[in-house]
Every structure is written in structure tokens, then in C-alpha cells.
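Here's the letter readout for the chains.
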Amino acid sequence: MSVIVVHPLDQDGKALLDQLNRIGCRTELVWPPTRTLPPGTDIVIAGVFFETQNELKTMLKRTKAPSPTVLAIVNYENPAMLQNVLELGAFAVISKPIREFGMLINLVVARSKWEESIQLADKTIRLQKKIVAQKNIATAKQIIMELQSISESEAYRVLRSKAMAKRVSIEEMAVAVINANDLLSKGIDRV
């Protein structure tokens, strides 16, 4: 894993780099936060400091999708710090002072939760597309039913056979029927 550490090279920064190297991560220290992350960054472990919070958010936002797994390093807890950690989209929090114990488990759990979130986002996109396709098919069936005075099942058969004849998906045929109907009905309205 390529791990970018966004933290000053102080005692905690050195301890963090040492522990990540012992774990076997390819690490790179970045301080202060830069405009963008290096390409191929898998994990970002970032110190959350009020004075660099905006730069850190900007750096993470400019990352190409999918964004890396983010772990936050904090030295105290208060509502403002909590808000900053949430805005960064951190999957785990490491408290200061940095200790060896807990680093590996934080990395593994954070990466696992990150992978789950990516899978859920992909599934959500697929389901949204499927819902749109089903709505389009229902609309196209309704158009065919009204134009040809046939039942819903017959309209579906017509839609499916036209899609097969044109060698396109039924979803694409449904969009074509809707577009054609819109075009024709706009032409009729103008007359």
C-alpha cells in the first residue's frame, strides 16, 4: 500500500513513519499539505490541525476517484475537531502521542470500511440506473398502449421485439420510443 503521511516531521511524525515502515507500507511524508496527492495514493494518514485544515480538505478533494482511505491523527477532542475529522471523511482516528499498538488494526479496519463504502456506492449507482431504466420501460409501454390500444403485456412484447429486431437493449428501445413520442407530440402541438 502507498501511504501518504500528512504531518510535520516531529516526534509523532517520526514514530508514525517508523511504524508504517515496520508494517511494510510504502510511505511518503508530505508537510505542509500540498495542492494534490501523489498519483497512486492508497491511504492518507493526516494530522488534523486547525491552521492547515482548509489546505488538507482541498488536497483530498482534488484527488481522482476513488479517493484514498483517510485516517485522521488528533491530539485532543472537542466538537470543532470532531467536525473537522468528519469533514475529511476519515475512516479511523489515531490519537496522539503515536504508539505502535493499534496502528495496523486501524489501517486494516479503515481500509476494509473504505472498500465496503466503494462497493456500496457502486451498487447504489447500478440500482439508480436500473430504476431509471424501469421507469423508461414503463413510460414506453404506456405510450405504446395508448398508440396501439393494446394491453400492458402486449406493449411489452412489442417493445421487446423491436429491441431484438434493432439489436439494442430494451432500455435503449424504451428511450427511443419516449424520444420519438416527445418529438412527435411537440411537432403536433405547434400545428
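As the structure is a prediction and not an experimental result, all values here were calculated from the model.

Caption draft 1: Region of interest: the packing of aromatic side chains. The tally for this structure, following the rule as stated, stands at two aromatic pairs. On the basis of an interplanar angle of 80° and a centroid distance of 5.6 Å, the ring pair of Trp31 and Phe49 is categorised as edge-to-face. One end of the pair, Trp31, is in the loop between β2 (26–30) and β3 (43–47); the other, Phe49, is in the loop between β3 and α2 (53–61), and 18 residues separate them in sequence. For Phe49, a relative accessible area of 14% gives the class buried. Here Arg111 stacks its cationic end above the ring of Trp114, 4.0 Å away from the centre of that ring.

Caption draft 2: Focus on the pattern of salt bridges. The full count for this structure, using the stated rule, is four salt bridges. Close ionic contact of Lys113 with Glu116 constitutes a salt bridge, the shortest N to O distance being 3.5 Å. Of the two residues, Lys113 and Glu116 are both situated in helix α4 (residues 103–148); the distance of three residues between them amounts to about one turn of the helix. When the shortest N-O distance is used, the salt bridge between Lys141 and Glu152 registers 2.9 Å. Of the two residues, Lys141 is situated in helix α4 and Glu152 in helix α5 (residues 152–166); the sequence distance between them amounts to eleven residues. Assessed through its relative accessible area of 45%, Glu152 is described here as partly exposed.

What counts and what doesn't
- Numbering of residues starts from 1 in every chain and runs along the sequence as written.
- The predicted nature of this model means local features are confined to residues of pLDDT at least 70 and side-chain atom pairs, given and counted, to a pLDDT of 80 or more, with totals for whole chains, interfaces and linings taken over all residues.
- To obtain the side-chain values, all non-hydrogen atoms of the structure were included, while hydrogens and water were left out.
- Paired rings are identified among Phe, Tyr and Trp, the last through its six-membered ring, by centres lying within 6.5 Å, and are further divided according to the angle between planes into stacked (under 30 degrees), edge-to-face (over 60) and tilted (the rest).
- Counting from the N terminus, the helices are DSSP H or I runs at least four residues long and the strands are E runs at least two residues long.
- Working definition: with a 1.4 Å probe on protein chains only, accessible area under 20% of the residue-type maximum means buried, over 50% means exposed, and in between means partly exposed.
- Think of it as a cone above the ring: NZ of Lys or CZ of Arg counts as a charge over the ring if it is within 6 Å of the ring centre and within 35 degrees of the ring normal.
- Salt bridge criterion: a side-chain nitrogen from Lys or Arg within 4 Å of a carboxyl oxygen from Asp or Glu.

All we've got here are geometric facts, nothing functional implied.
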